[in-house]
Each structure stands twice: as C-alpha cells, then as structure tokens.
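Reading the structure
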Amino acid sequence: MNTELLDRYIAAWNERDAGRRRAAVDELWAPEGTYTDPLAEVRGREAIDATIAAVQAQFPDFAFRPGELFDAHHDIARFTWELGPVGGEAVVVGFDVVVLDADGRIQHVHGFLDKVPAA
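Values in this document were obtained by computation on a predicted structure and should not be read as measured data. (Residues numbered from 1 in each chain as written. Predicted model: local features only at pLDDT ≥ 70, side-chain atom pairs only at ≥ 80, totals over all residues. Heavy atoms only, no water.)

For the structure on display, the rule yields eight salt bridges. For the salt bridge of Asp-49 with Arg-21, the shortest nitrogen-to-oxygen distance reads 2.6 Å. Highlighted residues: Asp-49 in helix H3 (residues 45-58) and Arg-21 in helix H2 (residues 18-28), separated in sequence by 28 residues. Considered together, Asp-49 and Arg-21 belong to a single accessibility category, that of buried residues. (Salt bridge = Lys/Arg side-chain N within 4 Å of Asp/Glu carboxyl O. Helix = DSSP H or I, 4+ residues; strand = E, 2+ residues; numbered from the N terminus. Buried < 20%, exposed > 50% of the residue type's maximum accessible area, 1.4 Å probe, protein only.)

Moving on to the nonpolar core. Nonpolar side chains tend toward joint burial in soluble globular proteins. Counting 24 residues, the largest nonpolar core has Tyr-9, Trp-29, Tyr-35 and Ile-106 as its most contacted members. Contributions of two or more residues to this core are made by helix H1 (3-14), H2, strand S1 (29-37), strand S2 (40-43), H3, strand S4 (76-85), strand S5 (92-100) and strand S6 (106-115). Per-element tally for this core: the top contributor is H1, with six residues. Discounting chain neighbours no more than four positions away, the residues touching Ile-106 are Tyr-9, Leu-28, Trp-29, Ala-30, Gly-33, Val-98, Val-99 and Leu-100. (Core = buried A, V, L, I, M, F, W, Y, C linked by side-chain atoms within 4.5 Å. Contact = heavy atoms within 4.5 Å.)

Inspection of H2 places Arg-21, Val-25 and Leu-28 among the buried residues, and these make up the whole buried set. Around the axis of H2, the buried residues are gathered within 75 degrees of arc, so they sit on the same side. On its buried face, H2 is in contact with H1, S1, H3 and S6. Between a side-chain oxygen at the N-terminus of H2 and the backbone nitrogen of Gly-19 the separation is 3.2 Å; the capping residue is Asp-17. (Arc of directions from axis to C-beta. Polar contact = N/O pair within 3.5 Å; in protein donor to acceptor, adjacent residues only side chain to side chain.)

Now the structure itself:
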C-alpha cells in the first residue's frame, strides 16, 4: 500500500455522492473484503459502503483526513486518520491496519479508535 492508495481510501470515506462512493468502494475493496473496528464488523462491499454512509450520517459536517503516521511493507499498511470539521480540530482519531489481496485491493481493515467524542 502506498500513500496514493491511502488518499483514495480517505476519499472514499469522504465521498457524499452515493454512486461515486460505491464506485470507490468497489474499486478499492476486494469483493469479500472486511472492515472491523470497535463499533462495526462488516464483510462485503455493500456492507462497507453502508458503514461509510452511516458514519457520514452521524457526522454530516465532518471530513476525514490522514493523520501523521503512515507505514507500509509487503501487503500491509498502518496509518492514523482524523475526523473533524474541515480546518478544525479532530473530534475522532483512529489507527487502521490494512491488508491487501494479491490484486492490490483491500482485503481487511482492522480499525482502532484512539479518540472519540464523550457520550
């Protein structure tokens, strides 16, 4: 995984147009790819797209951006990300580990939440 793929991954999480978002998910993820974090555990492109849509609905005025850490080797990458108002302080901060398949598509995302809003 390289930073270009990371940029496309972040862009998919920010894409508000349902058709373009689904196309980005289809391009990035393997058909049976998974996404797991403390709040979600889903398999398949349709479920991943629905998870992204749900996060967007929960944080309608926020955007994702890459954090400070990016490290990759072989078919594995780890990186931090932030979610908050554009130009503002991050409200949510996370750490993802991504595993690619043989075709360079995302097979698994293992997500961790390092900072979340108080309930």
